[in-house]
Amino acid sequence: YQGLAGRSTNEVLQLYAAHGQQMKFQRSSIVTQLHGAIKKRLKQDLKSLRSFALELSKDFQRQSKTCLYQVLAAVQGIQLQNEAMQMFQIKAFDLEQSLQEVTERYEKEKQKRKALHNSLIELRGNIRVHCRIRPLLPFDDAAGHSVSQDRQRNLSEKAAYAADDETVLVKCSRPGHASVNKTFQFERVYNDLESQDAVFADVAPLLTSLLDGYNVCIMAYGQTGSGKTYTMLGPQLEGNLAFAIEEESELGIIPRATQEVFRLISEKPPGSYWVEVSVVEVYNNEIFDLLAKDSYGKVLGVKRDVITTREGKSDVPLLTHETVENASEFLLLVKKGLQLRVTHPTLVHAHSSRSHLVVTLTITTVVFGDNFGTLWEDEQTSQKLNKEASCTFPQKIRDSKSTSSSRASSPVQLEATEKMKQVKTRLQLVDLAGSECVGMSGVTGAALRETSFINRSLSALADVLGAIAEQRAHVPYRNSKLTHLLQDSVGGDAKLLVMLCISPGQKYLTESMQSLGFGTRARQVQRGQVKKKTFSVLSKGK
Ligand code: ADP
Ligand code: MG
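Just so it is clear, the structure is predicted and the values come from calculations on it, not from any experiment.

Caption draft 1: Region of interest: the packing of helix H3 (residues 196-211) against helix H6 (residues 253-266). At a minimum axis separation of 9 Å, H3 and H6 run at an interaxial angle of 45°. Looking at the two axes, H3 sits oblique to H6. Two packed elements cross with a definite hand, and for H3 against H6 that hand is right-handed. Together, Gln196, Asp197, Val199, Phe200, Val203, Leu207, Thr208, Leu210 and Leu211 of H3 and Ile253, Arg256, Ala257, Glu260, Val261, Leu264 and Ile265 of H6 make up the contact between the two elements.

Caption draft 2: The arrangement of unusual backbone geometry in detail. At Asn285, a residue that is not glycine, the phi angle is positive and equals roughly 60°. Within the element layout of this structure, Asn285 appears in the loop between strand E7 (273-283) and strand E8 (286-289). Given the relative accessible area of 28%, Asn285 is considered partly exposed. For Gln471, which is not a glycine, the phi torsion comes out positive at approximately 55°. Residue class for Gln471 comes out exposed when judged on its relative accessible area of 64%.

Caption draft 3: Highlighting the pattern of salt bridges. Summed over the entire model, instances satisfying the criterion amount to 23 salt bridges. For Arg62, the salt bridge goes to Asp59, with nearest N and O atoms at 3.0 Å. Note that Arg62 and Asp59 are positioned in helix H1 (residues 9-124) at a spacing of three residues, about one turn of the helix. A residue is classified by how much of its surface remains accessible, and Asp59, at 30% relative accessible area, is partly exposed. One salt-bridge network, held together by shared partners, links Lys110, Lys114 and Asp165.

Caption draft 4: Quick peek at a nonpolar patch on the surface. Where nonpolar side chains cluster on the molecular surface, the patch consists of Ile30, Leu34, Ile38 and Leu42 and spans about 390 Å² of accessible area. For Ile38, a relative accessible area of 46% translates into the label partly exposed.

Caption draft 5: Focus on the sheet that holds strand E2 (residues 160-164). In space, the three strands of this open sheet follow the order E2-E3-E4, with antiparallel pairing throughout. Both edges of this open sheet fall to E2 and strand E4 (180-185), since each of them pairs with a single strand only. Adjacent strand axes in the sheet meet at a mean angle of 30° when their direction is disregarded. Note: E2 against strand E3 (residues 167-172), four bridges, orientation antiparallel. The residue bridging Ala160 from the neighbouring strand is Val170, located in E3.

Caption draft 6: Inspection of the site of ligand 1 at higher detail. Neighbouring ligand 1 are 14 residues; Leu137, Gly225, Lys228, Thr229 and Tyr230 lie closest to it. Residue Gly227 places a main-chain N or O atom 3.1 Å away from an oxygen atom belonging to ligand 1. In the complex, the protein chains occlude 82% of the 560 Å² of accessible area that ligand 1 would expose alone. By residue number, the principal contributor to the shell around ligand 1 is helix H4 (residues 228-232), which donates three residues.

Caption draft 7: Structural detail: the packing of aromatic side chains. Summed over all chains, the structure comprises one aromatic pair. Arranged with centres 3.8 Å apart and planes meeting at 5°, the rings of Tyr221 and Phe518 form a pair that is stacked. Here Tyr221, found in strand E6 (residues 216-221), pairs with Phe518, found in helix H14 (residues 509-524); they are 297 residues apart in sequence, far enough to count as distant. Across the pair, Phe518 and Tyr221 agree in class, each one buried. Across from the ring centre of Phe453, 4.9 Å away, lies the NZ or CZ of Arg456, which sits over that ring. A cation sits over an aromatic face here: Lys495 above Tyr214, 4.2 Å from the ring centre.

Caption draft 8: Representation of the packing of H6 against helix H7 (residues 327-338) in the model. The interhelical angle for the contact between H6 and H7, taken along N-to-C directions, is 150°, at an axis separation of 9 Å. Between H6 and H7, the interaxial angle falls into the category roughly antiparallel. You can see that H6 and H7 cross each other, and the crossing is right-handed. Contacts from Ile254, Pro255, Thr258, Gln259 and Phe262 of H6 reach H7 at Ala327, Phe330 and Leu331. Here the residues of the contact of H6 with H7 are counted per class, giving six nonpolar, two polar and no charged.

Rules used in this analysis
- Residues numbered from 1 in each chain as written.
- Chains lettered and ligands numbered in written order.
- Predicted model: local features only at pLDDT ≥ 70, side-chain atom pairs only at ≥ 80, totals over all residues.
- Heavy atoms only, no water.
- Axes fitted to C-alpha atoms, helices over the stretch in contact; angles between N-to-C directions.
- Helix = DSSP H or I, 4+ residues; strand = E, 2+ residues; numbered from the N terminus.
- Parallel < 35°, antiparallel > 145°, perpendicular 65-115°, else oblique.
- Left-handed = near helix turned anticlockwise from the far one by under 90°.
- Contact = heavy atoms within 4.5 Å.
- Buried < 20%, exposed > 50% of the residue type's maximum accessible area, 1.4 Å probe, protein only.
- Salt bridge = Lys/Arg side-chain N within 4 Å of Asp/Glu carboxyl O.
- Patch = residues over 30% accessible without salt bridge, like charges linked within 9 Å, V, L, I, M, F, W, Y side chains within 5 Å.
- Areas by Shrake-Rupley, 256 points an atom, 1.4 Å probe, with all protein chains shown as cover.
- Pairing = 2+ DSSP bridges.
- Near = heavy atom within 4 Å.
- Polar contact = N/O pair within 3.5 Å; in protein donor to acceptor, adjacent residues only side chain to side chain.
- Phe/Tyr/Trp six-rings, centres within 6.5 Å; stacked < 30°, edge-to-face > 60°.
- Lys NZ or Arg CZ within 6 Å of the ring centre and 35° of its normal.
- Nonpolar A, V, L, I, M, F, W, Y, C, P; charged D, E, K, R; others polar.

Below you can see the structure in the form of structure tokens.
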């Protein structure tokens, strides 16, 4: 402004305009500069943004690629797994199938082995032993005397099991000792759930043998309350004697065997067979005929004796043999006989029977004609002969037999018009008295006497088996009436089945071990080959 002093207005205006223009110029150059800087900066930013975006997209691509790979790998993995799974499934299926095949083959082999074992038993004359373990029952819990509660609980536990259908497993545990497992092998072992049906299924083949000409004996052995009577007859038979036919599924071996025998006979030509029954009780070493009647027809238990015949067979002279035509007739007779069976309550079980019961079915087969070349097995010829003869003769036999009271009144006494062949086979069904030792039953007086007779007869049975097993020259059959009576079945040519009955409870351990020991020894007895009965020739003059 000092330079302006003294200058004209025009000049001032010119100067002012020039200054304005200069300022404008300066400003525009600053703006240009700024613009350039901003532009540069923006360019830079854009560039870095672009490279960032590029980087980002590259990164994204990389990541998505990895993801894709991962997904692909996962899908592939799943596919592989699926394939593997399918392979496994196929393998499992194959394995299952081969397991089934192996099981089937095993079952077949087992059956074959059993059949072979049975033939071996037959060839050696071995005694078959089956073992039945009954279920735990309410009376197993009943408190015994002087036993602490803890011990009581232990005592009502199971100690005997069926490990499989041929093995019994016994857990022997004593207080303060580690329990020891013992196993016993038998021809067949029934667990506590197996029915009367299952038991009889294994007995039935013996009845076919019976009609094929073999003697058969089935005896139940075991302590009181172990299920002998249940197995042989059925439940509650002794109590109210109502082993009603309605309870078919509960029937024991004796009624079923009779039904089966009559069924088998019904398949044979009519009249060629007939069946007689005797019911005997061995009590205090005496034999009682439970079918003997007095002159009024009342059934009495008449004492009989057992003798050895000249042929070396045991026989009970004067023993009542009743002819029966069907199973119900038979059952009625057995029921009547059983009403006389001596029973005495012991501490073990209220319905314990203190005697041995022997029910015998004698089957006589008659064949007429001159053609005696027939073998028993020759079913066709035998049937032909039977048909020729069946119509008249057996009726005669029955008419004269129905009043008979002795085995001596066999067809030998009958008027035979032609030569005939006959064979008698015998089915003995035995319900032995309880095998427990005296101390266990806690009996005294008369009952103690009974028990000691029972013990003596059962040890006589064991002695007889021992003597046969050791092939001793003398077998002490006559040491007791029981062994004398059963001589032909035990030592002779009968197919013998011992049905061991076992109470599973811990408190019966000693008795169960005793029974299992008896069964094991019985199994080892070899008596030589079991013989088939052949026809004996009878004729008028004989
Ligand atoms: P035992 O004749 O050996 O003295 P029982 O046959 O009288 O013994 O059996 C004793 C009790 O056990 C009976 O009440 C009987 O019904 C029952 N019992 C035995 N065995 C069985 C079983 N397998 N299933 C069901 N109950 C049984
Ligand atoms: Mg009984």
